[in-house]
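# Structure at a glance
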Amino acid sequence: MFVPTLMGQCTPEQQAYWLPRALDMQIIGTYAQTELGHGTFIRGLETTATYDPETETFVMNSPTLTSYKWWAGGLAKTVNYCIVVAQLYTKGVCHGTHPFIVQIRDEETHMPRPGVKVGDIGPKLGFNTADNGYLGFDNYRIPRDNMMMKNAQVLKDGTYVKVARHGKATYGTMVFVRVLLVNEAAFNLAKACTIAVRYSAIRRQCSPDSEGSELQVLDYSTQQHKLFICIATAHALQLNSTWLWKTFSDTLAAIKQGNVDTLPELHALSSCLKALSTADAASLIEQCRHACGGHGYMMSSGLPYLYAFVTATRTYEGDYTILLLQTARFLVKAYEQVEAGKPLTPTVSYLSQAFTGKKLPWDSSPDGIIRAFQALAAGKLSSTVKSLRKRLESGLSYEQAWELSTIQLNGAAEAHCRAVMSQNYKSEIERLTVNSSPNVKLVLQQLYKVYLYYWALERTGDLLLYTSISESDIFELQLRYEGLLKEIRPNAVGIVDAFDLRDEVLHSALGSYDGNVYERLMAEAQKSPLNAEPVNQTFHTYLKPMMKGKL
Ligand SMILES: CCCCCCCCCC/C=C\CCCCCCCCCC(=O)SCCNC(=O)CCNC(=O)[C@H](O)C(C)(C)COP(=O)(O)OP(=O)(O)OC[C@H]1O[C@@H](n2cnc3c(N)ncnc32)[C@H](O)[C@@H]1OP(=O)(O)O
Ligand SMILES: Cc1cc2nc3c(=O)[nH]c(=O)nc-3n(C[C@H](O)[C@H](O)[C@H](O)COP(=O)(O)OP(=O)(O)OC[C@H]3O[C@@H](n4cnc5c(N)ncnc54)[C@H](O)[C@@H]3O)c2cc1C
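Just so it is clear, the model here is predicted, and its values are computed rather than measured.

### A word on the site of ligand 2
- The immediate surroundings of ligand 2 are formed by 18 residues, with Tyr31, Thr34, Gly39, Thr40 and Asp319 found nearest.
- Note that a nitrogen atom of ligand 2 is positioned 2.8 Å from one of the backbone N or O atoms of Tyr31.
- For ligand 2, an oxygen atom lies 2.5 Å from a polar atom in the side chain of Asp319.
- For ligand 2, whose accessible area on its own is 970 Å², the fraction buried by protein is 61%.
- Looking at the shell around ligand 2, the elements with two or more residues in it are strand S4 (69-72) and helix H7 (320-339).
- Partitioned by chemical class, the residues of the shell around ligand 2 number seven nonpolar, nine polar and two charged.
- Three or more residues apiece are contributed to the shell around ligand 2 by two domains, here domain 1 (2-150) and domain 2 (172-336 + 365-392 + 403-433 + 441-492).

Here it is, written out as structure tokens:
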């Protein structure tokens, strides 16, 4: 996050100075925004940077315990520079949060600079190879030039000048990383399902008829139900991430030309896609672990590491709930635009047809299911806005009415995101397979249908509310879904092999290409320190005296 922020928040002159040093690793940096007391609510950050025109420096201070920076990766022991997000004061006025480049350690001795308090925050659920740190300042001075001045400037005399065309321009690095995280979610989920599918082809358990041999667990319908949605979701996330990256690049190019019109839509999209992709990836990685039974619980399976790593992505760079609520803000505005007969931006354009007051006729084709997901998102949005307005009519303030409606707002944003993801999944497959063989097309479409059927069956309650789907339609869809799993089964191992992840990347005794699961599990077990000696000292110190009644 250090380098992208240098690229996004510095003037060209500042970039010319800092970027080569960072890219050559003459300096190592991190992004210190979150504090002990605030992560989500950026406007509530407490670290201060007060401009002193006499010395042309900013004085950095951490006025309270809760103002200490907390969490930044590499901050504890590794980095010598930081981007610190602090409340800017000049001429006695607070201008809100701004980013500053702050040297925290000596470039030669690596000692913390006087006035800087820095350390490690302690063990975490995962990420324990990263020294996430805390940081506080006591009247610590940095040169005026160290304020990142692309979007706002403080002149030598302390005059504040706003440059950016958009109020949230300083949040740009977060948008960038949210876009990257969709790709990370796809990659890590692909790893988990490669491990679980390969293992399920090796693992044999139970014999349905007394004569036959034990089945590969991958042959069980329930196992296919657990795993094939993981493969389909990895594809869906990968294709959505490519699409989102293009949307991001187009918006960035427009902003460079001075046009910020598409930023709100990009923010709404990157927020909900980051939220849903990280949440889905984390829960499906856990599902892959379940699919590997007891051996999935071994660290040597690789799955616990993956889960610990990915579950953090649901929280960092904007918590799941918080980001869905950002998308909901955008959706409520889109709803108002429909009412006012105004045009809509592309990803919400489906709303313009959606508020007919009638249930959408059910159609179980892939296009029909996407339309159903859109109807569901529109229906939820409409009910949410009704609740919001009812609360406003009862005399509540907008903020109070909004807060009481947030459960529904999140539901609408989730449904919208699922509809966008399904639509993108379909159009990207169509685009990418124009010249593919019929067999490749067939397999990719089978997986795409698994995704649609799975989520339609997960949302039958909502479909009953907002479409004309009947009990027999649901029954028929369930049978089609189960049939599809059997069609995919023969290709399942080939499909995960096609992720092309080397053993060194998977780092798993269960998921290696050669399938030598049991040999690898035993080899890993031999590495346990408890196996280093036949009798452990604890036997002599504790067990034996206890057994002899001498403790
Ligand atoms: C080029 C070199 C690149 C090298 C790349 C290498 C790639 C390698 C691959 C690696 C892969 C992945 C990387 C993964 C590793 C990364 C590890 C990172 C570790 C984690 C780091 C962090 O967590 S940093 C801290 C992140 N913190 C957050 O995300 C905080 C969340 N909170 C917020 O974002 C905001 O506070 C808020 C959005 C919740 C609210 O903000 P605020 O209160 O200020 O706003 P309002 O709610 O009042 O809204 C006002 C209006 O502003 C709009 N808004 C808000 N945010 C944005 C935005 N970002 N952009 C545009 N608009 C925004 C909001 O919608 C409101 O609009 P209106 O409704 O119109 O009023
Ligand atoms: C592994 C890891 C690495 C990180 N790396 C960095 C880093 O390098 N740099 C950095 O600056 N930060 C980093 N962070 C911090 C991270 O960005 C924050 O933890 C994250 O943004 C969530 O903020 P929070 O911890 O304040 O959660 P909180 O906001 O306190 O969330 C707690 C709960 O309250 C809910 N909540 C909060 N506000 C609202 C609201 N308005 N409405 C409804 N519900 C609400 C949330 O949904 C959540 O359920 C990292 C975090 C982790 C876990």
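### Quick look at the site of ligand 1
- Of all residues adjacent to ligand 1, which total 27 residues, the nearest are Thr40, Lys168, Tyr171, Arg329 and Lys333.
- At 2.8 Å from an oxygen atom of ligand 1 is found a side-chain nitrogen or oxygen belonging to Tyr171.
- For ligand 1, whose free accessible area comes to 1500 Å², the fraction covered by protein is 71%.
- Put simply, the parts of the chain that give the shell around ligand 1 at least two residues each are helix H3 (172-202) and H7.
- Ranked by residue count, the leading element in the shell around ligand 1 is H3, at seven residues.
- Split by residue class, the shell around ligand 1 holds 12 nonpolar, eight polar and seven charged.

### What about the packing of helix H5 (residues 263-291) against helix H6 (residues 303-313)?
- At a closest axis distance of 9 Å, the pairing of H5 and H6 adopts a crossing angle of 160°. Comparing their axes, H6 and H5 come out roughly antiparallel. Viewed along their axes, H5 and H6 form a crossing whose handedness is left-handed. Contacts between H5 and H6 involve Lys274, Thr278, Ala281, Ala282, Ile285, Glu286, Cys288 and Arg289 from the former and Leu303, Leu306, Tyr307, Val310, Thr311 and Thr313 from the latter.
- The residue makeup of the contact of H5 with H6, split by class, is eight nonpolar, three polar and three charged.

### Quick word on empty space enclosed by the protein
- Summed over all chains, the structure comprises two cavities of 30 Å³ or more.
- If you add up the space inside the largest cavity, you get close to 80 Å³.
- Surrounding the largest cavity, 13 residues form its lining, Tyr31, Gln33, Val85, Pro99 and Thr170 being those nearest its centre.
- Mapped by element, the contributors of at least two residues to the lining of the largest cavity are helix H1 (2-9), strand S5 (81-90) and strand S6 (93-103).
- Looking at the lining of the largest cavity, the element that brings in the most residues is S6, giving three residues.

### Overview of the UniProt feature "domain: Acyl-coenzyme A oxidase N-terminal" (unreviewed entry) in the protein chain
- The positions that UniProt labels "domain: Acyl-coenzyme A oxidase N-terminal" (unreviewed entry) are, in the present scheme, residues 1-28.
- A helix fraction of 71% and a strand fraction of 0% characterise residues 1-28, whose end C-alpha atoms lie 11 Å from each other.

Criteria and thresholds
Residues numbered from 1 in each chain as written. Chains lettered and ligands numbered in written order. Predicted model: local features only at pLDDT ≥ 70, side-chain atom pairs only at ≥ 80, totals over all residues. Heavy atoms only, no water. Near = heavy atom within 4 Å. Polar contact = N/O pair within 3.5 Å; in protein donor to acceptor, adjacent residues only side chain to side chain. Areas by Shrake-Rupley, 256 points an atom, 1.4 Å probe, with all protein chains shown as cover. Helix = DSSP H or I, 4+ residues; strand = E, 2+ residues; numbered from the N terminus. Nonpolar A, V, L, I, M, F, W, Y, C, P; charged D, E, K, R; others polar. Domains from an automatic or database assignment. Axes fitted to C-alpha atoms, helices over the stretch in contact; angles between N-to-C directions. Parallel < 35°, antiparallel > 145°, perpendicular 65-115°, else oblique. Left-handed = near helix turned anticlockwise from the far one by under 90°. Contact = heavy atoms within 4.5 Å. 1 Å grid on protein atoms, 1.4 Å probe; cavity = no way out; pocket = protein on both sides within 12 Å on 5 of 7 lines; lining within 4 Å. Points joined across faces, edges and corners; volume = space filled by probe spheres on them. UniProt positions renumbered as here; feature names shortened; annotations may be inferred.

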